[in-house]
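# Secondary and tertiary structure notes
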Amino acid sequence: MSLNNFDLFNCMQAVPLYLSEMAPYKLRSSLNVIFQLCITVGILMANVVNYLTPKIKGGYGWRVSLGGAAIPALFIVISSFFLPNTPNSMLEKNEPEKARAILKRIRGVSDKEIEAEFKDLVAASDASKAVKHPWRNIRNRKYRPQLIMSMAIPFFQQFTGINVIMFYAPQLFKTIGFGDNASLLSALITGGINCFATLVSIYGIDRWGRRFLFLEGGIQMLIFQVTHVLTILFMCIQFYSYIKSCIHKFLYNVNYIAHVVGFGNNLHWMEIWSNRSS
C-alpha cells in the first residue's frame, strides 16, 4: 500500500505539470480542472467497486477490490509509452527542432501557425536558463508571499484530514455505529457528493472567480470542523442512547459531507498565486 501511495502522489504531481506544458494557452486551466474532476470520478468508481465486491460469495471480494487497482495502473503504464515529450522539455535539452516537431504534432497545424507559440516557448526557456541560483532567488522579499502561501496552503489543506476522510471513510463510519454495508454505502454517497462538488466548482470557476471559491471552501471547512468538535462533545451528554446515536450519526454525516464539499471548492489556490506572481 505504501508503494501504491508513492506512485499515486507521483502521478498527482506529474500529470498537472505535463498537461500544463502540452495544453494550448486557452485550455490550460480547463484541462487541469478536468484532471481534478477525473480524480473525483475515480474515487467514486472505487467506492462503487468497494460497495459491490463484498457481495461476492466465497469471501474473496476484497481480493477483487484490491487487485482491481492494477487495471487503471496498467492503462497508465501502457499509455505512457505513447505519450510524446513536451516541447518545453526538449528545449531544456537544447533540441529546438524536436521541440518544434512535437509542438506541430500536438497542435495539428502547419509550421507557420505554431511559429508565434514556438517563439514564446523559446523565449521562456531562454529566460529560465538565464536565471542564476533560482533556489536562492526564491527567498527574495518580492517572492516571499508566493513562497509562504505555496507551502502553507497545501500543508493546511492536508492537515484538515481530507486524506483520512477519503481513504478511510468506511472505517470512520464504523466508529459511529454503522454496519459494514452501511459504512460502504455512506462512503459511496460521500464520493458522489465529492464529484458533484467538483462539477459545481468547474461551473463556477469563471463565473464566481477562483478567489471566491477558495474563500468559500475554506470558511465552510472551518465552520464544519468546529461543529464536528461540538458533535463529539455532544456524545458526552448522557440521555437516551438510541436518540443520541441517531442524532450523532446525522450530525457526523452532515459535517463529513460539508467538509468534503468545502475541500472540493478549495482547489484553485495554485492558479490564484501563479497569476499574482506573473
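Residues numbered from 1 in each chain as written. Predicted model: local features only at pLDDT ≥ 70, side-chain atom pairs only at ≥ 80, totals over all residues. Heavy atoms only, no water.

### As for unusual backbone geometry
In this structure, Asn 94 is a non-glycine residue whose phi angle is positive, near 60°. Structurally, Asn 94 is set in the loop between α5 (87-92) and α6 (96-107). Of the residues examined, Asn 94 reaches a relative accessible area of 59% and is grouped as exposed. (Helix = DSSP H or I, 4+ residues; strand = E, 2+ residues; numbered from the N terminus. Buried < 20%, exposed > 50% of the residue type's maximum accessible area, 1.4 Å probe, protein only.)

### What about the nonpolar core?
Listed in full, the eight residues of the largest apolar core are Met 90, Leu 91, Ala 99, Ile 102, Leu 103, Ile 114, Phe 118 and Leu 121. Within the residue set of this core, elements represented by two or more residues are α5, α6 and α7 (111-130). When near neighbours in sequence (up to four residues on either side) are disregarded, Ala 99 contacts Pro 87, Met 90, Leu 91 and Phe 118. (Core = buried A, V, L, I, M, F, W, Y, C linked by side-chain atoms within 4.5 Å. Contact = heavy atoms within 4.5 Å.)

### Side note on the packing of aromatic side chains
In the structure shown here, the tally under the stated rule is one aromatic pair. A centroid spacing of 5.0 Å and a plane angle of 80° characterise the contact between Phe 155 and Phe 156, whose relative ring orientation is edge-to-face. Seen from the ring of Tyr 51, Lys 55 lies directly overhead, with NZ or CZ sitting 4.8 Å from the centre. Of note, Arg 100 hangs over the ring of Phe 118, and the distance from its end group to the ring centre comes to 4.3 Å. (Phe/Tyr/Trp six-rings, centres within 6.5 Å; stacked < 30°, edge-to-face > 60°. Lys NZ or Arg CZ within 6 Å of the ring centre and 35° of its normal.)

### Here we look at the pattern of salt bridges
Tallying each qualifying case throughout the model produces three salt bridges. We note a salt bridge from Lys 98 to Glu 95, for which the minimum N-O separation is 3.5 Å. Arg 100 is the salt-bridge partner of Glu 115, the closest N and O atoms lying 2.8 Å from each other. Of this pair, Glu 115 sits in helix α7 while Arg 100 sits in helix α6; the two residues are 15 residues apart in sequence, bridging distant segments of the chain. (Salt bridge = Lys/Arg side-chain N within 4 Å of Asp/Glu carboxyl O.)

### Section: the packing of helix α2 (residues 28-52) against helix α12 (residues 180-204)
Their axes nearest at 9 Å, the elements α2 and α12 cross at an angle of 165°. As summarised for this structure, α2 and α12 are arranged roughly antiparallel, according to the angle between their axes. Crossing of α2 over α12 shows left-handed handedness. Note on element contacts: α12 touches α2 through Asn 181, Leu 184, Leu 185, Ala 187, Leu 188, Gly 191, Gly 192, Asn 194, Cys 195, Thr 198, Leu 199 and Ile 202, opposite Val 33, Gln 36, Leu 37, Thr 40, Val 41, Ile 43, Leu 44, Asn 47, Val 48, Asn 50 and Tyr 51. Class assignment of the residues belonging to the contact of α2 with α12 gives a composition of 14 nonpolar, nine polar and no charged. (Axes fitted to C-alpha atoms, helices over the stretch in contact; angles between N-to-C directions. Parallel < 35°, antiparallel > 145°, perpendicular 65-115°, else oblique. Left-handed = near helix turned anticlockwise from the far one by under 90°. Nonpolar A, V, L, I, M, F, W, Y, C, P; charged D, E, K, R; others polar.)

### A look at the confidence of the model for the protein
Here the protein averages 76 in pLDDT, while 79% of its residues score no lower than 70. Per-residue pLDDT stays below 50 along residues 272-278; that stretch engages in nine contacts with residues further than four places along the chain or on separate chains. (pLDDT = per-residue confidence, 0-100.)

### Topic: the packing of α6 against α7
Viewed as axis vectors pointing N to C, α6 and α7 meet at an angle of 125°, and their least axial separation amounts to 10 Å. As the angle between them shows, α6 and α7 are arranged oblique. In the packing of α6 onto α7, the handedness of the crossing is right-handed. For the pair formed by α6 and α7, the contact residues are Pro 96, Ala 99, Arg 100, Leu 103, Lys 104 and Arg 107 on the first element and Asp 111, Ile 114, Glu 115, Glu 117, Phe 118 and Leu 121 on the second.

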